[in-house]
Amino acid sequence: MCEFCLKHGEGKKWYLQARNYSDELLSDIRRRRMIEDFFSNPDRLTRGIEHLNRLEKTPKFIRSMIGRIITGRQKKTHFGQVVPIEEIEKIFGFVSSIVRVACICRHVTLNQEKRYCYGVSMSPNGGELTKIMRGLDKSFLAGPDLSGLETLSKEEAVSAFRDHEREGLCHTVWTFQSPFIGGVCNCDRSDCLAMRCTVTHSIPVMFRAEYIAEVDPDVCIGCRECMRVCQFGAIVYSASTRKVAIDQRRCYGCGICRSLCKKNAIRLNDRNKVPAAANLW
Ligand code: SF4
Ligand code: SF4
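Residues numbered from 1 in each chain as written. Chains lettered and ligands numbered in written order. Predicted model: local features only at pLDDT ≥ 70, side-chain atom pairs only at ≥ 80, totals over all residues.

K.L.:
Help me understand the overall build of the chain, please; the structure alone is not making it clear to me.
P.N.:
The number of helices and strands found in the chain is twelve helices and eleven strands. Each of the three principal axes of the chain carries a C-alpha extent, and together these read 60 × 50 × 40 Å. For the chain, buried positions account for 40% of its 281 residues. Here the contacts in the chain between residues at least 6 apart in sequence split such that 69% fall between residues at least 24 apart. (Helix = DSSP H or I, 4+ residues; strand = E, 2+ residues; numbered from the N terminus. Buried ≥ 20, exposed ≤ 12 C-beta atoms within 10 Å, placed from the backbone. Contact = placed C-beta atoms within 7 Å.)

K.L.:
Explain the nonpolar core to me, please; I cannot follow it from the model alone.
P.N.:
Generally speaking, a soluble globular protein has its nonpolar side chains buried in company with each other. Core analysis: the biggest nonpolar cluster contains 76 residues, and Cys226, Cys230 and Cys257 have the highest contact counts within it. Split by domain, the residues of this core number at least three in each of domain 1 (3–207) and domain 2 (211–273). The contacts of Cys226, once residues within four sequence positions are left out, are Ile235, Val244, Cys257, Leu260, Cys261 and Ile266. (Core = buried A, V, L, I, M, F, W, Y, C linked by C-beta atoms within 7 Å. Domains from an automatic or database assignment.)

K.L.:
Would you take a moment to explain the site of ligand 2 for this structure?
P.N.:
In the vicinity of ligand 2 there are 13 residues, among which Ala213, Cys230, Cys251, Cys254 and Cys257 approach most closely. In the shell around ligand 2, the residues fall into eleven nonpolar, two polar and no charged. (Near = placed C-beta within 6 Å. Nonpolar A, V, L, I, M, F, W, Y, C, P; charged D, E, K, R; others polar.)

K.L.:
Is there a simple way to explain the sheet that holds strand 4 (residues 150–152) in this structure?
P.N.:
What holds strands together in a sheet is hydrogen bonding between their backbones, with the strands either parallel or antiparallel. Spatially, seven strands are ordered 4-2-3-6-5-1-7 in an open sheet, and the strand pairing comes out mixed. Looking at which strands have only one partner, the edges of the open sheet turn out to be strand 4 and strand 7 (206–207). The sheet contact formed by strand 2 (residues 97–101) and strand 3 (residues 117–121) spans five bridges and is antiparallel. Along strand 3, the bridge assignment pairs Val99 with Gly119. Strand contacts of helix 7 (residues 127–134): strand 2, strand 3 and strand 6 (181–187), with the helix running at about 130 degrees to strand 3, the strand carrying the most contacts. Most of the contacts of helix 9 (residues 154–166) go to strand 4, to which it runs at about 100 degrees, and overall it touches strand 2, strand 3, strand 4, strand 5 (170–175) and strand 6. (Pairing = 2+ DSSP bridges. Axes fitted to C-alpha atoms, helices over the stretch in contact; angles between N-to-C directions.)

K.L.:
Help me understand helix 2 (residues 29–40) in this model?
P.N.:
An α-helix turns once per 3.6 residues; consequently, residues spaced three or four apart project the same way. Counted at 1.5 Å a residue, the expected span for helix 2 with its twelve residues is 16 Å, and the 16 Å between its end C-alpha atoms agrees. Within helix 2, the full set of buried residues consists of Arg31, Ile35, Phe38 and Phe39. The buried residues of helix 2 occupy an angular sector of 85 degrees when projected down its axis, which confines them to one face. Residues of helix 2 that are exposed and point more than 90 degrees away from the buried face comprise Ile29, Arg30, Arg33 and Asp37. (Expected span 1.5 Å × (residues − 1). Arc of directions from axis to C-beta.)

K.L.:
Can you walk me through the packing of helix 5 (residues 85–94) against helix 9 in this structure?
P.N.:
Contact geometry of helix 5 with helix 9 gives a least axis separation of 10 Å together with a crossing angle of 160 degrees. Viewed along their axes, helix 5 and helix 9 adopt a mutual orientation that is roughly antiparallel. When you trace helix 5 past helix 9, the crossing you get is right-handed. Note on element contacts: helix 9 touches helix 5 through Lys154, Ala157, Val158, Phe161, Arg162 and Glu165, opposite Ile85, Ile88, Glu89, Phe92 and Gly93. (Parallel < 35°, antiparallel > 145°, perpendicular 65-115°, else oblique. Left-handed = near helix turned anticlockwise from the far one by under 90°.)

K.L.:
Help me understand the pairing of strand 10 (residues 243–246) in this model?
P.N.:
Side-chain positions along a regular strand alternate between the two faces of the sheet. Pairing of strand 9 (residues 235–238) with strand 10, which is carried by four bridges, proceeds in the antiparallel orientation. Bridge assignment links Tyr237 to a residue of strand 10, and that residue is Val244. Here strand 9 folds back onto strand 10 in antiparallel fashion, the turn holding four residues, of which Arg242 has a positive phi close to 60 degrees.

K.L.:
Which parts of the structure should I look at to understand the domain arrangement of the chain?
P.N.:
Many authors give the size of an interface as the accessible area that is lost as the parts come together. What the domain assignment lists for the chain is domain 1 (3–207) and domain 2 (211–273). Here the C-alpha centre of domain 2 lies 26 Å away from the C-alpha centre of domain 1. Opposite the ten residues of domain 1 that make contact, domain 2 presents eleven residues. Split into classes, the residues belonging to the side of domain 1 that touches domain 2 amount to five nonpolar, two polar and three charged.

K.L.:
Looking at this structure, I do not really get the pairing of strand 5. What am I missing?
P.N.:
Among the six residues of strand 5, six are classified as buried, and the element is accordingly described as predominantly covered. In strand 5, alternate side chains face the same way, and those of Cys170, Thr172 and Trp174 on one face and His171, Val173 and Thr175 on the other are all buried. As defined by bridge partners, strand 5 adjoins strand 6 across six bridges and the pair is classed as antiparallel. Across the sheet, His171 pairs through a bridge with Asn186, a residue of strand 6.

K.L.:
Which parts of the structure should I look at to understand the environment of Asn264?
P.N.:
When you line up the elements, Asn264 lands in the loop between helix 12 (256–260) and strand 11 (266–270). Given 10 C-beta atoms within a 10 Å radius, Asn264 is considered exposed. It is 7.6 Å that separates the C-alpha atoms of Asn264 and Val219, two residues lying 45 residues apart in sequence.

Pasting the structure below:
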């Protein structure tokens, strides 16, 4: 179990607890302000990228000290976890509404509108979260006429996530002032700032999934298609066996390799039951 499961899930998966999505948590004025700032101030993310790049040039001990401070702060404000598609389906199964919005990271990194982010709420029509977002000037995302909080049915949302999975995007769940969960996203290492921060700069702002991948060597034919889609460099090919295996220290348990393997040679196991990975978050 990750730290949030213990702290915000009473020992169960924290992102499957309906109370962590509830509108009641949005009566906290600090949380509302944080959400407003997050969606109306993309320059903050641009500055974040500049800081991270500058940090790379500092001595290692300073980098790791500042990294720990950033991780600690993010755990309180905006922290995520990788979740495989079956867990996304469970989340969509119990929330009352799902809205799709443009991704603020891609706005900053690509200057493009990419609709990879989904707001989720226990209340109909997006609840308080949608009200907050509708009240903001989001013209930076989709032009002055932001008709753009698309409401999706559960089936439409699951289908969209399956499409994102085929694109090789990694599903993640996100807090806004933890433990309130406001959204689920589809990330990649080049464009998503949280993934860049966590994987490229080694400053974690998201946990690995509660799962870890395993390859069945009797089924694997060594085509290496899975290596092409793993964003974490966690799949290694052996020329002697002509098969691949998972590097357990690197696997985030996203399951993207599994869905791309035509031979069904990859499965996800409970991370807690894999001794080498149980304490890797
Ligand atoms: S995609 Fe499947 S069959 Fe191909 S190398 Fe990966 S695990 Fe093996
Ligand atoms: S090995 Fe598979 S499950 Fe693990 S991080 Fe890579 S794509 Fe995700």
